[in-house]
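Here is how the chains run, residue by residue.
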Amino acid sequence: MGDVLTWLLIFVALFVLMVLAVLYTVHRALVRRNQVVNGVRSPAPMAWLTSSRKEARLHRRLRAAGQRLELVPATEGLTDVMRGLRVELVELDAHLVTVSRRPSPTRRADRGELVVRVQAIEDLVRRIEERSRGTGVSLEELAERLDVLEAADDELRGLEPG
């Protein structure tokens, strides 16, 4: 009987540890998902991941801008701009949380400035994306190269004996 109770206790302890590990993993994933910049914990509440409040939607727009910025390859001319923009993202996210805690009339008055700043950040990220793409090959150039290769293949097939 004692062996059964020991095994039962071990099983329950392992089950509780497993549940705790899963909860910890889910919590860490949500914390990472809530970040505006990778590696910097956001002061925004977890509820903002799905909330329809205006401040929550602005936070999600900042997150999207931060995620898009992370996808841009760091080039020599853009590194400092991107670093400054990441700092601005984190600061604006913290300011957004502060504004969300103010009384309603004050919050509404400050919201206009926040919207303008979020739009400015989104515009800067878009411009950085366009500039980083400008260093690559355009679709037209790729299409021209492919046309040349196909023409060369056709010409070679015409030269092969039959």
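Above this note sits the structure.
Worth saying up front: this structure is predicted, and the values here are computed from it rather than measured. (Residues numbered from 1 in each chain as written. Predicted model: local features only at pLDDT ≥ 70, side-chain atom pairs only at ≥ 80, totals over all residues. Heavy atoms only, no water.)

Draft legend 1. Inspection of the overall build of the protein chain at higher detail. Assigned secondary structure in the protein chain consists of 5 helices and 0 strands. Of the regular secondary structure in the protein chain, the N- to C-terminal order runs α-α-α-α-α. In terms of overall dimensions, the protein chain has a C-alpha envelope of 90 × 65 × 30 Å along the principal axes. The long-range fraction of contacts in the protein chain, counting pairs at least 24 apart against all pairs at least 6 apart in sequence, stands at 62%. Accessible surface, the protein chain: about 11,400 Å² in total, of which carbon and sulfur atoms supply 62%. Between the averaged position of the 25 positive side-chain charges in the protein chain and that of its 23 negative side-chain charges there is a distance of 16 Å. (Helix = DSSP H or I, 4+ residues; strand = E, 2+ residues; numbered from the N terminus. Contact = heavy atoms within 4.5 Å. Areas by Shrake-Rupley, 256 points an atom, 1.4 Å probe, with all protein chains shown as cover. Lys, Arg positive; Asp, Glu negative; His and termini not counted. Charge placed at Lys NZ, Arg CZ, Asp CG, Glu CD.)

Draft legend 2. Here's a closer look at the environment of V90. Note on placement: V90 falls in helix α3 (residues 79–100). With a relative accessible area of 28%, V90 lands in the partly exposed category. Those residues in contact with V90 that sit more than four places away from it in its chain are V37 and V40. (Buried < 20%, exposed > 50% of the residue type's maximum accessible area, 1.4 Å probe, protein only.)

Draft legend 3. The arrangement of the nonpolar core in detail. Counting residues in hydrophobic clusters, the biggest one holds 23 residues, and the most contacted among them are L62, L69, L89, I121 and I128. Among the secondary structure elements, those contributing two or more residues to this core are α2 (54–71), α3 and α4 (104–134). Looking at which element gives the most residues to this core, the answer is α3, with 7 residues. Those residues in contact with I128, other than ones at most four positions away along the chain, are L69, V72, L78, V81, M82 and L85. (Core = buried A, V, L, I, M, F, W, Y, C linked by side-chain atoms within 4.5 Å.)

Draft legend 4. Spatial organisation of the pattern of salt bridges. A complete count under the given rule lists 13 salt bridges for this structure. Between R111 and E55 there is a salt bridge, with its nearest N and O atoms 3.0 Å apart. Of this pair, R111 sits in helix α4 while E55 sits in helix α2; the two residues are 56 residues apart in sequence, bridging distant segments of the chain. The exposure class assigned to R111 is buried, which follows from its relative accessible area of 15%. The partner of R117 in a salt bridge is E88, with the nearest N and O atoms 2.7 Å apart. Residue R117 is located in helix α4, and its partner E88 is located in helix α3; the two are separated by 29 residues in the primary sequence. For R117, a relative accessible area of 25% puts it in the partly exposed group. A relative accessible area of 25% means that E88 is categorised as partly exposed. (Salt bridge = Lys/Arg side-chain N within 4 Å of Asp/Glu carboxyl O.)

Draft legend 5. Here's a closer look at α2. A rise of 1.5 Å per residue sets the reference length of α2, with its 18 residues, at 26 Å; its end C-alpha atoms lie 26 Å apart and thus fit the reference within 8%. The complete set of buried residues in α2 reads E55, A56, L58, H59, L62, R63, A65, G66 and L69. (Expected span 1.5 Å × (residues − 1).)

Draft legend 6. Summary view of a negative patch on the surface. Among the surface-exposed residues, E140, E141, E144, D147, E150 and D153 lie close enough to one another that they form a single negatively charged patch. Tracing the sequence through the fold places D147 in helix α5 (residues 139–159). For D147, a relative accessible area of 48% corresponds to the partly exposed category. (Patch = residues over 30% accessible without salt bridge, like charges linked within 9 Å, V, L, I, M, F, W, Y side chains within 5 Å.)

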